[in-house]
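Listed below, chain by chain, are the residues.
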Amino acid sequence: MKSIIMAGYELEIDDNKTLSYYKNLPFIGEEEHCPCMYCKNYALTIAGFPKSVQNQLREMGIDPAKGAEVSHFYQSKNSKHMYVAEYKAFGKLVKKPNEEVIDIYRNNEEDYFSIGFGNTHFNNEEMVFGILIDAFLPWLLEENPE
Ligand SMILES: [Zn+2]
C-alpha cells in the first residue's frame, strides 16, 4: 500500500494490485482495446499530459497508455477535442477534497486539463476507484477527425 496525495485527495493505493491489473491490459487504440480514431488520437496525446499527472498515475501503478475507458465528446472551435478517460486504481479513499474535480490548468472553458474521481465501488471487499481525466486535447493523428 502506498499513501498518495493527489489534487486534494488522500488515498491508500494498492499499487502492486493496480500495477498487475494494468500489466495485462491492452494499449489504448489497439485492436483489443478500441481501434477507433478517437482512441488512437488519445493515445498519442498522453506523452503531452502535464508531467505531474503522468507521475501521479504511474505512482499509483496506472499505465496511462493502457486500458482506460475513453470517451470523445466534440471538437472545439480552438481545434482541441474534449475527452474524458477513466482509469482504475485499487485501494482506499482516506479523504476527499471539497471540490470533486480539480483543474491542473484551465485557460478557458474549452481549454483545460482536470482530474476527478468517478465511480468508486467495492469488488470483493476491495475498493476500486475510477480516476477521470477530463481535458481538451490536441488532434495528433495524421488521419483527420470525422
Ligand atoms: Zn475508441
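Within each chain, residues carry numbers counting from 1 in the order of the written sequence. Reporting in this predicted model follows two pLDDT cut-offs: at least 70 for local features of residues, and 80 or more for side-chain atom pairs to be given and counted; totals over whole chains, interfaces and linings ignore these cut-offs and use all residues.

S.K.: Account for the overall build of the protein, naming residues and giving values.
M.R.: Regarding its fold elements, the protein presents three helices and seven strands. Helices (α) and strands (β) of the protein occur, in sequence order from the N terminus, as β-β-α-α-α-β-β-β-β-β. For 146 residues, the compact-globule estimate of 2.2 N^0.38 gives 15 Å, and the protein sits close to it at 15 Å. The dimensions of the protein, computed from C-alpha atoms along their principal axes, are 45 × 35 × 25 Å. Counting from the N terminus, the helices are the DSSP runs of H or I reaching at least four residues and the strands are the DSSP runs of E reaching at least two. C-alpha atoms define the radius of gyration in this analysis, and the globule rule sets the expected value at 2.2 Å times the number of residues to the power 0.38.

S.K.: Go over the nonpolar core with me, naming the residues and quoting the values.
M.R.: Throughout this description, the term nonpolar core refers to a group of buried Ala, Val, Leu, Ile, Met, Phe, Trp, Tyr and Cys residues whose C-beta atoms join them within 7 Å. Three classes are used. A residue is buried when 20 or more other C-beta atoms lie within 10 Å of its own, exposed when 12 or fewer do, and partly exposed in between, with C-beta atoms placed from the backbone. Residues Tyr42, Val70, Ala85, Tyr87, Ala89 and Ile131 are the most contacted members of the largest nonpolar core, which totals 27 residues. Per-element accounting of this core gives the leading share, seven residues, to strand β7 (residues 126-137). Contacts are defined on C-beta atoms placed from the backbone: any two residues whose C-beta positions lie within 7 Å are in contact. Beyond its immediate chain neighbours, meaning those up to four positions away, Tyr42 contacts Ile28, Val70, Tyr83, Ala85 and Leu137.

S.K.: Could you give me a rundown of the environment of Gln54, with the residues and numbers involved?
M.R.: Position of Gln54 among the secondary structure elements: in helix α3 (residues 51-59). Once the C-alpha coordinates of Gln54 and Ile115 are considered, the two residues, 61 residues apart in sequence, prove to be 12 Å apart. Beyond its immediate sequence surroundings of up to four residues, Gln54 is in contact with Phe49 and Pro64.

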